[in-house]
Amino acid sequence: FLRKELDLSQKALAEIVGQTEQTVSLWERRGRIPKTADRFIRAFYREVAEGNAQIRDLVARLAAKDAKDHEERATFAITARRWKMAA
């Protein structure tokens with residue numbers, strides 16, 4: 001209900017709470033959501049409903065930064081029984 005009130009897709013909400021779109025879909029189908037995610041979504045909704053649009057922008061920027069940070073991948077190779085970061 002709150003996701004729809006916020007006019008967010010499952011994918012958009014998933015990015016905000018750091019989950020996958022499939023996870024949000026599962027929450028909605030089962031009618032169960034982890035307490036921490038539920039509390040965050042309720043607090044986020046309240047801020048937006050009270051006119052604090054800056055919180056929405058802040059959360060979107062944090063989610064984008066987090067996604068970018070996870071894009072970077074390290075490659076390792078094993079040599080002489082040790083892991084070494086590949087160039």
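Refer to the structure printed above.
Residues numbered from 1 in each chain as written. Predicted model: local features only at pLDDT ≥ 70, side-chain atom pairs only at ≥ 80, totals over all residues. Heavy atoms only, no water.

Draft legend 1. A look at a nonpolar patch on the surface. Side chains of F76, I78, W83 and M85 sit close together on the surface and give an oily, nonpolar patch of about 520 Å² of accessible area. Taken together, the elements giving at least two residues each to the nonpolar patch come down to strand 1 (76-79) and strand 2 (82-85). When you line up the elements, W83 lands in strand 2. By relative accessible area, which is 64% here, W83 ends up exposed. (Patch = residues over 30% accessible without salt bridge, like charges linked within 9 Å, V, L, I, M, F, W, Y side chains within 5 Å. Areas by Shrake-Rupley, 256 points an atom, 1.4 Å probe, with all protein chains shown as cover. Salt bridge = Lys/Arg side-chain N within 4 Å of Asp/Glu carboxyl O. Helix = DSSP H or I, 4+ residues; strand = E, 2+ residues; numbered from the N terminus. Buried < 20%, exposed > 50% of the residue type's maximum accessible area, 1.4 Å probe, protein only.)

Draft legend 2. Highlighting the nonpolar core. The biggest cluster of nonpolar side chains holds 13 residues, and the ones touching the most others in it are L8, L13, I16, V17 and F44. Where this core is concerned, the elements lending two or more residues are helix 2 (10-17), helix 3 (21-30) and helix 4 (35-49). Considering each element in turn, this core owes the most residues, four residues, to helix 2. With near-sequence residues (within four places) excluded, F44 lies in contact with L6, L8, I16, I55, R56 and V59. (Core = buried A, V, L, I, M, F, W, Y, C linked by side-chain atoms within 4.5 Å. Contact = heavy atoms within 4.5 Å.)

Draft legend 3. Main features of the packing of aromatic side chains. Here the structure, examined in full by the defined rule, presents one aromatic pair. Judged by centre distance (5.9 Å) and plane angle (10°), the rings of F40 and F44 are stacked. With F40 and F44 both in helix 4 and four residues apart, this pair spans about one turn of that helix. Overall, the relative accessible area of 4% leaves F44 in the buried class. (Phe/Tyr/Trp six-rings, centres within 6.5 Å; stacked < 30°, edge-to-face > 60°.)

Draft legend 4. Geometry of the environment of V17. For V17, the location among the structural elements is in helix 2. In this structure, the C-alpha to C-alpha distance between V17 and F40, residues 23 residues apart in sequence, is 7.9 Å. Residues in contact with V17, not counting those within four places in the same chain, are W27, F40 and I41.

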